[in-house]
Amino acid sequence: MSTKLRISILAAALMLTVRGAAGDGPKEDGAPAVKLEQVGPQVTGAVDRMAERLKQGPVEQTPVADRSALFLLDVDKGEVTLIADEPDPGRKYCGSPRWSSDGRRILFDSSPGMVWSKTRLKSIDLTDDRLKVADLGLGNCPSFSPDGKRIAYLVNHGAAPDLKYGVWTMQSDGSDRRRHEVFGIPKWSPDGKQLLIVRFGSPVEMSLMDVESDQVQPIRLPGYKIHSSPSWAGPGTLVAVASSDEGAAVVFLDVTNPSEAKIKEILWKKGDRLDGNPSYPIYSPVTGRCVFVSREPQGMALYSIQRGTFGPPKRLEAQGFDNKIASLEFSPDGRYVLFCSDRLDRRAHAAVGSTLAPIRPTIRTPSTSGRAVEGLVELIR
């Protein structure tokens with residue numbers, strides 16, 4: 001079967017799938033047209049408190065272009081807050097944010113420039129309505145297990161003389177570290193039994209690793225290439241950017257049988273009321289919303305699409321483009337998105353259509369020489 005014919009059949013199946021999920025057809029008001037998961041009030045409350053504390057502590061920006069900072073986006077309001085920019089002196093590359101399922105912890109990594117072997121893991125914890133920052137040692141690309149009790153991470157070549165490179169797992173407090181015989185970005189599956197391993201590059205190579213046995217199964221999708229970094233969207237399902245001769249699309253991948261992975265739903269295809277190149281898609285089963293990066297002639301921007309509706313992709317910030325946006329992550333309730341960017345001066349955007357919000361004054365503490373979260377923590381206790 002030709003690629004063109006395969007795409008056509010898939011598109012026809014998509015129309016039936018989406019309309020079936022929507023019941024009476026597309027929703028004009030943009031309301032979710034699919035059955036959504038529920039998040040308990042404790043998780044929602046923890047997420048709100050974490051976000052509020054982060055917003056209350058402005059972070060000083062490193063005044064150079066060669067850096068990558070961590071930002072918090074309120075998806076509903078389009079407001080963006082800088083939350084980490086140089087957690088230790090000289091470590092001006094922040095990346096790979098991950099939010100715990102209970103809403104009380106955010107992991108990320110920080111590097112001195114592009115010296116990835118010296119990357120360290122950082123943790124922002126909500127404790128008694130305060131924020132506490134911890135260093136978890138060498139490593140990058142962290143991932144929480146679904147219950148938040150374990151962390152998977154990557155150690156790069158040359159990190160330390162006595163430290164072997166590869167994917168490692170540990171308890172959430174940093175104890176009981178164990179090395180696995182794989183290399184790549186680890187992402188814990190929703191059932192906690194597997195790690196999605198994404199190799200660096202474009203297109204990417206992917207595999208599933210059983211956490212207990214270390215058995216690895218390559219993911220194969222004949223006729224397509226997978227780009228940027230896919231994420232879990234549900235049990236046995238990834239959200240990814242897949243491309244063929246017909247173009248690129250944000251899709252759901254069924255990986256229950258990794259050697260025979262298949263596209264089971266198209267969420268958005270390039271050229272459908274937005275002619276950007278998509279990357280870094282994430283999906284929230286709680287809200288039915290997918291957020292992705294679109295590269296356009298002017299630069300990169302964040303967009304969202306609502307599963308089960310036929311509305312166009314929605315721009316999430318009022319204006320401006322970045323040279324780089326990467327490493328997207330939803331909060332457990334789907335209201336906030338963490339992302340990394342090299343943007344300068346653009347601290348917070350109000351809702352689409354309004355003017356830029358003013359920049360809050362920078363606050364630092366005498367006891368903290370580094371920028372970013374350490375200074376922020378001392379002020380909001």
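Refer to the structure presented above.
One structure accompanies this document, and this report is about it. (Residues numbered from 1 in each chain as written. Predicted model: local features only at pLDDT ≥ 70, side-chain atom pairs only at ≥ 80, totals over all residues. Heavy atoms only, no water.)

1. A short note on the overall build of the chain
Piece 1. Scanning the chain for helices and strands turns up three helices and 24 strands.
Piece 2. With 381 residues in all, the chain has 56% of them scored as buried.
Piece 3. Accessible surface, the chain: about 16800 Å² in total, of which carbon and sulfur atoms supply 50%. (Helix = DSSP H or I, 4+ residues; strand = E, 2+ residues; numbered from the N terminus. Buried < 20%, exposed > 50% of the residue type's maximum accessible area, 1.4 Å probe, protein only. Areas by Shrake-Rupley, 256 points an atom, 1.4 Å probe, with all protein chains shown as cover.)

2. Comments concerning the nonpolar core
One recurring pattern in soluble globular proteins: nonpolar side chains tend to sit buried together.
Piece 1. Counting residues in hydrophobic clusters, the biggest one holds 32 residues, and the most contacted among them are M206 and L253.
Piece 2. Breaking this core down by element, the ones donating at least two residues are β8 (150-155), β11 (185-188), β12 (194-198), β13 (206-210), β15 (225-234), β16 (237-244), β17 (247-254) and β18 (262-269).
Piece 3. Per-element tally for this core: the top contributor is β12, with four residues. (Core = buried A, V, L, I, M, F, W, Y, C linked by side-chain atoms within 4.5 Å.)

3. As for the pattern of salt bridges
Piece 1. One pass over the full model with this rule turns up 17 salt bridges.
Piece 2. For K122, the salt bridge is made with D135, and the minimal N-O distance between the two is 2.9 Å. Of this pair, K122 sits in strand β5 (residues 120-127) while D135 sits in strand β6 (residues 130-138), and the two are 13 residues apart along the sequence.
Piece 3. By relative accessible area, D135 is classed as partly exposed at 36%.
Piece 4. Salt bridges here are not isolated pairs; linked through shared partners, they connect D88, R91, R120, K122 and D135. (Salt bridge = Lys/Arg side-chain N within 4 Å of Asp/Glu carboxyl O.)

4. Quick notes on the sheet that holds strand β21 (residues 299-306)
Piece 1. Taken in spatial order, the four strands line up as β19-β20-β21-β22 in an open sheet, and their pairing is antiparallel. Only two strands of the sheet have a single partner each, and these edge strands are β19 (277-284) and β22 (314-315).
Piece 2. Sheet analysis places β21 next to β22, joined by two bridges and oriented antiparallel. When the bridges of β22 are listed, Y303 appears paired with R315. (Pairing = 2+ DSSP bridges.)

5. Some details on unusual backbone geometry
Piece 1. At the junction of S202 and P203, the peptide bond is cis and its omega measures out at 0 degrees in the coordinates.
Piece 2. Residue placement: P203 occurs in the loop between β12 and β13.
Piece 3. A positive phi is found at D176, a non-glycine position, where the angle reads about 55 degrees.
Piece 4. Residue placement: D176 occurs in the loop between β9 (166-171) and β10 (178-180).
Piece 5. Positive phi is not limited to glycine here, since R273 has a value of about 65 degrees.
Piece 6. Positionally, R273 belongs in the loop between β18 and β19.

6. Description of the packing of aromatic side chains
Piece 1. Within this structure, the stated rule accounts for seven aromatic pairs.
Piece 2. Ring geometry for W268 versus F292: centroids 5.1 Å apart, planes at 20 degrees, classification stacked. One end of the pair, W268, is in strand β18; the other, F292, is in strand β20 (residues 289-296), and 24 residues separate them in sequence.
Piece 3. Judged by relative accessible area, W268 falls into the buried class, the value being 3%.
Piece 4. Judged by relative accessible area, which is 0%, F292 ranks as buried.
Piece 5. Three or more aromatic residues link up through ring pairs in this structure, and these residues are Y165, F183 and F200.
Piece 6. Over the ring of F321 we find R315, and its NZ or CZ is 4.7 Å from the ring centre.
Piece 7. Sitting above the plane of the F71 ring, R343 keeps its charged end 5.2 Å from the centroid. (Phe/Tyr/Trp six-rings, centres within 6.5 Å; stacked < 30°, edge-to-face > 60°. Lys NZ or Arg CZ within 6 Å of the ring centre and 35° of its normal.)

7. Quick look at the sheet that holds β5
Piece 1. Strand order across the open sheet formed by four strands is β3-β4-β5-β6, with antiparallel pairing between neighbours. Of all strands in the sheet, those with a lone pairing partner are β3 (93-99) and β6, marking the two edges. Here the strands of the sheet are splayed against their neighbours by 25 degrees on average, with no regard to which way each runs.
Piece 2. Packed on one face of the sheet, helix α2 (residues 41-56) meets β3, β4 (105-111), β5 and β6 and runs near 110 degrees to β5. (Axes fitted to C-alpha atoms, helices over the stretch in contact; angles between N-to-C directions. Contact = heavy atoms within 4.5 Å.)

8. Looking at the side chain of R98
Piece 1. Along the chain, R98 falls in strand β3.
Piece 2. We note that R98 is buried and unpaired, the nearest opposite charge coming from E329 at a distance of 4.1 Å.
Piece 3. Only 3.4 Å separates the side chain of R98 from the backbone oxygen of P142, close enough to count as a polar contact.
Piece 4. With sequence-adjacent residues up to four places away left out, R98 is seen in contact with R105, I106, L107, P142, S143, F144, K187, L328 and E329. (Lys, Arg positive; Asp, Glu negative; His and termini not counted. Polar contact = N/O pair within 3.5 Å; in protein donor to acceptor, adjacent residues only side chain to side chain.)

9. Considering the pairing of β8
Piece 1. Burial analysis of β8 places five of its six residues in the buried class, the great majority of the element.
Piece 2. Looking at chain direction, strand β7 (residues 140-144) and β8 are connected through three bridges and run antiparallel. Looking across to β8, one finds that F144 is bridged to I151.
Piece 3. A loop of five residues connects β7 with β8, the two strands running antiparallel in sequence, and G148 in this loop sits at a positive phi of about 75 degrees.
Piece 4. By the bridge criterion, six bridges tie β8 to β9 in an arrangement that is antiparallel. When the bridges of β9 are listed, L154 appears paired with V167.

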